[in-house]
Amino acid sequence: MIWEFSIFFLTLVYFGALWMAFSSPASFLWGGIIFLLVLLVGVKWMTRKYLHFVIPAFLFVGSVLLLPLIDSPAESKAFLVLSSGVFYLAILGSYRLGKYKKDLTAKAMLNLAALSALFCWFTAIYGWYLNIALPSWIIMIIFVLVTFPVSYALLVINELKMNRSQRVLYSIFLSYLMAVAIWLQNSWPFGYLTTGVIALIIFYSGWDIVRNYFLDRMTIKRLTFSVVFLVGAASLLLLSAKWYPAI
């Protein structure tokens, strides 16, 4: 099942809210708050679980934060469409899990949406950090506050074999990993987009190791692949990225 009218309607409202943030950012605040309330009620009605509110809500706020950093109006509009498509998958995945909690396709949709939400946040927050004079510890705290709830939602949605205390512990671990990652990247001569992608690669590698371990799929081969993926993807990105002079 890939179509449901209520999901399509909520996606249209999402697109409208993002369009308001793009076209009238000064008067967007109350519109954004109202949309989040509508989203909360809609997700609870469709999935019967408040937990499924976390990923689409973070995707929405992250997209709003990233929009002002996109210079080209055409690219901004393309981003609106792309973000709305990911949002549709997130709500559709949540709806399908509400019907059948073992739906692997629905879990894949939510995993994609979660990674997209984190990418928006990592990129946007570092972009704003570069434009506003802030101490590095503030951005580290923001990374922790963003990574923790999204990680916890992922652990629950993917039904990993762990109790609540373990979910909290591993969510803290992933949050700490991202705080350290952004602290190390703070001195790198790269822009916010490259930094956001590298941060996402680091998160995905850590998340993939945790997921495989608790799904009893961890092998030396998988662990080696995760490490090679992290080093290879990061190296390739850094070699192809534009280097900025350190000031």
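Rules used in this analysis
- Residue indices begin from 1 for each chain and proceed along its sequence in written order.
- Where totals are concerned, whole chains, interfaces and linings use all residues; where local detail is concerned, this predicted model gives features only for residues with pLDDT of at least 70, and gives and counts side-chain atom pairs only at 80 or more.
- Computation of side-chain values covers all heavy atoms of the structure but excludes hydrogens and water.
- The way it works is that DSSP assigns letters per residue, a run of H or I at least four long becomes a helix, a run of E at least two long becomes a strand, and they are numbered from the N terminus.
- Here the globule rule is a power law, 2.2 Å times the number of residues to the power 0.38, and the radius of gyration is based on C-alpha atoms.
- Remark: exposure states derive from per-residue accessible area (1.4 Å probe, protein chains only) relative to the maximum for the residue type, with buried under 20%, exposed over 50%, and partly exposed in between.
- Any pair of residues with heavy atoms lying within 4.5 Å of one another is described as a contacting pair.
- What sets the accessible areas is the Shrake-Rupley method with a 1.4 Å probe; for residues, cover comes only from the shown protein chains.
- Here a pair means two rings of Phe, Tyr or Trp (six-membered ring of Trp) with centres within 6.5 Å. Their orientation is stacked below 30 degrees between planes, edge-to-face above 60, and tilted elsewhere.
- Note on criteria: charge over ring means Lys NZ or Arg CZ within 6 Å of the ring centre, with the direction from the centre no more than 35 degrees off the ring normal.

Q: An account of the overall build of the protein is requested, with residue identities and associated values reported.
A: In terms of regular secondary structure, the protein is built from 9 helices and 0 strands. When its helices and strands are written in sequence order, the protein yields α-α-α-α-α-α-α-α-α. In terms of C-alpha radius of gyration, the protein reaches 18 Å, essentially the compact-globule figure of 18 Å for 247 residues. The dimensions of the protein, computed from C-alpha atoms along their principal axes, are 50 × 50 × 30 Å. Within the protein, buried positions represent 47% of all 247 residues. Put simply, of all contacts in the protein between residues at least 6 apart along the chain, 74% involve residues at least 24 apart. Total accessible area on the protein stands at roughly 13,000 Å², and carbon and sulfur atoms take up 73% of it.

Q: Requested: an account of the packing of aromatic side chains, with residues and values cited.
A: Applying the stated rule across the entire model yields 14 aromatic pairs. With centroids separated by 5.5 Å and ring planes inclined at 40°, the aromatic side chains of Y126 and Y129 adopt a geometry described as tilted. With Y126 and Y129 both in helix α5 (residues 104-131) and 3 residues apart, the pair spans about one turn of that helix. Just as Y126 is buried, Y129 falls in that class too. Each residue in the set Y14, F28, F35, F60 and F87 is aromatic and connected to the rest through ring pairs, giving one cluster. Looking at K44, its charged tip hangs above the ring of Y50, at a distance of 5.3 Å from the centre.

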